[in-house]
Protein chains: 2
Amino acid sequence: MTDPYREAGVDYDVLDAAKRDALTAAATTLGNLDALGGRPVGDTLGEPAFVFQVDDLVLAVVLECLGTKSVLAREYEEATGLDRFADIAYDTVAAIANDLCCVGALPFVINAYFATGSADFYSGGRGQSLVSGWKRGCEDAGAAWGGGESPTLAGLIAESDVELAGSAVGRVPAGARPVLGDALAQGDAIVLLASTGLHANGASLARRVAADLPDGLRTKLPSGRELGDALLVPAPMYVPVVAELARRGIEVSYMSHITGHGLRKLMRARRDLSYEIDRLPDVPEVLSFLVDAVDLDPSAAYGTFNMGAGFAIFCPEPAASAVVEAAGAVGIDAMVAGRVRPGPRAVHVAPVDVTFSGEQLELR
Amino acid sequence: MTDPYREAGVDYDVLDAAKRDALTAAATTLGNLDALGGRPVGDTLGEPAFVFQVDDLVLAVVLECLGTKSVLAREYEEATGLDRFADIAYDTVAAIANDLCCVGALPFVINAYFATGSADFYSGGRGQSLVSGWKRGCEDAGAAWGGGESPTLAGLIAESDVELAGSAVGRVPAGARPVLGDALAQGDAIVLLASTGLHANGASLARRVAADLPDGLRTKLPSGRELGDALLVPAPMYVPVVAELARRGIEVSYMSHITGHGLRKLMRARRDLSYEIDRLPDVPEVLSFLVDAVDLDPSAAYGTFNMGAGFAIFCPEPAASAVVEAAGAVGIDAMVAGRVRPGPRAVHVAPVDVTFSGEQLELR
């Protein structure tokens, strides 16, 4: 499979090696939790959120960034005058909170990191837009905004841009259990939740595509919508789905936030299991456009983008329709899209005849 | 007072306005803690750490960055071949954990954010250096390293540099109380803990100074040490002092991590109180050098740099010597340096005849 990210300058091999070094070192420090009455829960280093326990309280922490989508927002503002910084702030909160809720935790507090190369960035209302989008994200995630940091890092960050990231701490709701994948079993249903488009991954590639088009980000999609406008639609907040599952007492066996690596993320659990997808959601127009523009084959497309599936919930088959219903109750379209099968670790996306083998997802 | 930061391109007025907007919005979200069984403790938005409570557990969260000191490390490596990235990673952990412990909390988990403009940054051992320094920082802070994020943000971050930041979640130890300043009173002693040099603030200014020197970062200080070497000495970890105070049952009334704004940070508590400093610690050689190089008067020097005092602990007068002893027991030099007096809000640094009025520290 060609790797469109590598062509766009992102070398996952080097990054993954650095990440593995970091996780090896991090693992040696976990005993430090003990002095304050804490202990690790499961083996969550390198998972979407780190989970630990204090007394009966199961806590989860995450630190996440938006990537380069903020550059898209600045370029689109230059092209059109439209300020979409509220949307990318919301998107950052979604990236953070959607990772956190994968382990069954809901956020208490989300902190913001807005870094720029020049304080001039904040003139002209962008600061207020970021603030309003971050606040809306926290409200939709059910979290308190606990502050954060807004440094000016001259020489380190591009002067006209802002870098967005943040952190969250949350808890597994009382009465619920952390979702760490140990209950994942053959026969489980795979429920896919609808995406809204690019989400936080793929912005580098999207910028490269736009740069090659005569009308750039103002290129019209078949629907008439502008490419830049569609790219900047924020991700949905999936946290309310997880909250609703807890409220209804529906137990699930695993959850995966589908970001970089596309549907390869369906085999995120380190288990000898196969994942058979026999139905696929509609592909958002903006993703179809990007796939066509870069001429990605189905393997590259479904191994790179979410292709309409932003979050996966794995659950015992009898619970599948209840999961779909719970998602619908909070406004998220969902479908039972496949089944967990006996190993080896692989994802088979039958409708497009694509198979990803286990070694195509080395995240740690 | 002239503001050397402004001359170095950092406009605190614009930043502080953006920060105030953010805090106003954040304050409206705090009710969201309730749904998960949490509640705010005190009024800590905009304080060094946000504090909230779940059942009997008092938690604190912080998100902090190193600033541009990583650029200094890269420049020094270019000039000398010496890899000091472990030191700046340690420094980042210190910046985070020293903020967290101001409220009396000790860290459970610290997460890392290493962002660069090109994955090539990690070739040649820098990745391993960052990992080793971060790990050492977590060990000295008594924290578990819970993972983090290491994105490549092409076009957003300088290609040859790395941006370091991170987040922490901690707790106030069982049996201790959060330190929020409400007990701060006239007559309290002010104990200053020794700094090691620049710490995480002032790197932009230091780079500007170095750029104007014929030998740049290799300029010899009077001791013979190179400027770059001295600038890159990491901050001490003050967390063990706070842990030792809790262990010994010594109650303090306020703590302030002295970073940007120098000794103006002594009046961080939003109280009508004056702070009289009648003794000062030795000034680290590298700070004296910077002060001379930029020709800062004492007001600018003590209002910008820590000038030898990296952390302040306020406590009832009878406890002052016990605080000094507790710091010494974990290897941190400390001195009783002054007293809290009746208002108005101001800091008087008698040995250098400098007074900072309340409006010279508008942090929120």
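For the structure itself, consult the block above.
For the rest of this paragraph, the subject is the overall build of chain A. In terms of regular secondary structure, chain A is built from eleven helices and 13 strands. Its C-alpha atoms give chain A a radius of gyration of 20 Å, near enough to 21 Å, the size a compact globule of 364 residues would have. Going through the 364 residues of chain A one by one, you find that 64% of them count as buried. Counted over contacts in chain A with a minimum sequence separation of 6, partners at least 24 positions apart contribute 81%. Accessible area of chain A: about 12,200 Å², with a carbon and sulfur share of 47%. Charged side chains of chain A number 29 positive and 48 negative; the gap between the two group centres comes to 3 Å.

Turning our attention to the environment of A:Val294. All names here are of chain A. Position of Val294 among the secondary structure elements: in helix H9 (residues 285–294). Residue classification places Val294 among the partly exposed residues on the basis of a relative accessible area of 21%. Remark: the alpha-carbon pair of Val294 and Ala206, spanning 88 residues in sequence, is separated by 9.5 Å. When neighbours within four sequence positions are excluded, Val294 is seen to be in contact with Leu205, Arg208 and Val209.

Attention now goes to the side chain of B:Gln53. All names here are of chain B. Secondary-structure assignment places Gln53 in strand S2 (residues 50–54). Within the local environment of Gln53, its side chain forms a polar contact with the backbone oxygen of Asp55, the two atoms lying 3.2 Å apart. Residues contacting Gln53, with those up to four places away along its chain left out, are Gly37, Gly38, Arg39, Val41 and Val58.

Bringing helix H11 (residues 320–329) of chain A into the picture now. All names here are of chain A. Listed in full, the buried residues belonging to H11 are Ala320, Val323, Ala326 and Ala327. One face of H11 carries all of its buried residues, which in axial projection span an arc of 120°. Contact partners of the buried residues in H11: strand S7 (189–194), helix H8 (239–248), strand S10 (309–315) and strand S11 (334–342). Phi turns positive, to about 90°, at Gly331, one or two residues after H11.

Right, let's talk about the interface of chain A and chain B for a bit. Taken together, the contact between chain A and chain B spans 72 residues of the former and 72 residues of the latter. Between chain A and chain B we count zero salt bridges in total. Our count for the chain A to chain B interface comes out at 16 residue pairs in polar contact (both at pLDDT 80 or more). Only helix H2 (12–27), strand S2 (50–54), strand S3 (57–65), helix H3 (69–80), strand S4 (106–116), helix H5 (126–141), strand S5 (144–149) and strand S6 (162–171) of chain A provide two or more residues apiece to the side of chain A that touches chain B. A total of eight residues in the side of chain A that touches chain B trace back to one element, the largest contributor, which is S4(A). Here the residues of the side of chain A that touches chain B are counted per class, giving 43 nonpolar, 19 polar and ten charged.

Here we take up the pattern of salt bridges. Residue and element names in this part refer to chain A. Under the defined criterion, the tally for this structure stands at 32 salt bridges over all chains. Across the pair Glu78 and Arg74 runs a salt bridge, and its minimum N-O distance is 3.3 Å. Placement of both Glu78 and Arg74 in helix H3 is noted, with a separation of four residues, approximately one turn of the helix. Residue classification places Glu78 among the exposed residues on the basis of a relative accessible area of 56%.

Attention now moves to the relation of the copies chain A and chain B. The relation between the two copies of this chain is a rotation about an axis and a shift parallel to it. With an RMSD of 0.0 Å, the fit of chain A onto chain B corresponds to turning through 180° and sliding 0.0 Å along the axis. Considering both components of the superposition, the chain copies are consistent with a two-fold axis. Closest to the rotation axis within chain A is the C-alpha of A:Ile157, separated from it by 2.3 Å. Of the interface residues in chain A, 100% have counterparts in chain B that sit at the interface too, so the contact is made through matching surfaces.

Residues A:Gly343 and A:Pro344 are joined by a peptide bond in cis, for which omega reads 0°. Tracing the chain through its elements places A:Pro344 in the loop between S11 and strand S12 (346–349). The residue B:His261 is not glycine, and still its phi comes out positive at about 80°. Within the secondary structure layout, B:His261 lies in the loop between strand S8 (254–257) and strand S9 (273–277). Its relative accessible area of 10% is what places B:His261 among the buried residues. Of note in the backbone geometry, B:Asp353 takes a positive phi value of approximately 55° without being a glycine. Along the chain, the position of B:Asp353 falls in the loop between strand S12 (346–349) and strand S13 (354–357).

All names here are of chain A. Taken in spatial order, the six strands make up an open sheet running S1-S2-S3-S6-S4-S5, and their pairing is mixed. Every other strand in the sheet has two partners, leaving strand S1 (38–40) and S5 as the edge strands with one partner each. Direction aside, the axes of adjacent strands within the sheet are offset by 25° on average. Note: S4 against S5, four bridges, orientation parallel. What sits directly across from Ile110, in S5, is Trp145. Across the sheet, H5 is in contact with S4, S5 and S6; its angle to S4 comes to roughly 165°.

Here we take up the pairing of strand S11 (residues 334–342) of chain B. Residue and element names in this part refer to chain B. Judged from the five bridges that link them, strand S7 (residues 189–194) and S11 form a sheet pairing that is antiparallel. When the bridges of S11 are listed, Leu193 appears paired with Ala334. Here five bridges tie S9 to S11, and the two strands are oriented antiparallel to one another. Opposite Leu273, over in S11, you have Pro342 as the bridge partner.

To describe a pair of aromatic rings, you give the distance between the ring centres and the angle between the ring planes. Across all of its chains, the model carries 19 aromatic pairs over all chains by this definition. Here the aromatic rings of A:Phe52 and B:Phe108 are separated by 5.1 Å at their centres, their planes lie at 55°, and the arrangement is tilted. You can see A:Phe52 sitting in strand S2 and its partner B:Phe108 sitting in strand S4 (residues 106–116), one on each of two chains. Seen from their ring centres, A:Tyr238 and A:Phe311 are 5.2 Å apart, and the 35° between their planes marks the pair as tilted. With A:Tyr238 in the loop between helix H7 (227–231) and H8 and A:Phe311 in strand S10, the pair connects residues that are 73 residues apart, well separated along the chain.

The rules behind each value
- Residues numbered from 1 in each chain as written.
- Chains lettered and ligands numbered in written order.
- Predicted model: local features only at pLDDT ≥ 70, side-chain atom pairs only at ≥ 80, totals over all residues.
- Heavy atoms only, no water.
- Helix = DSSP H or I, 4+ residues; strand = E, 2+ residues; numbered from the N terminus.
- Rg over C-alpha atoms; globule rule 2.2 N^0.38 Å.
- Buried < 20%, exposed > 50% of the residue type's maximum accessible area, 1.4 Å probe, protein only.
- Contact = heavy atoms within 4.5 Å.
- Areas by Shrake-Rupley, 256 points an atom, 1.4 Å probe, with all protein chains shown as cover.
- Lys, Arg positive; Asp, Glu negative; His and termini not counted.
- Charge placed at Lys NZ, Arg CZ, Asp CG, Glu CD.
- Polar contact = N/O pair within 3.5 Å; in protein donor to acceptor, adjacent residues only side chain to side chain.
- Arc of directions from axis to C-beta.
- Salt bridge = Lys/Arg side-chain N within 4 Å of Asp/Glu carboxyl O.
- Nonpolar A, V, L, I, M, F, W, Y, C, P; charged D, E, K, R; others polar.
- Least-squares fit on C-alpha atoms with pLDDT ≥ 70 in both.
- Pairing = 2+ DSSP bridges.
- Axes fitted to C-alpha atoms, helices over the stretch in contact; angles between N-to-C directions.
- Phe/Tyr/Trp six-rings, centres within 6.5 Å; stacked < 30°, edge-to-face > 60°.

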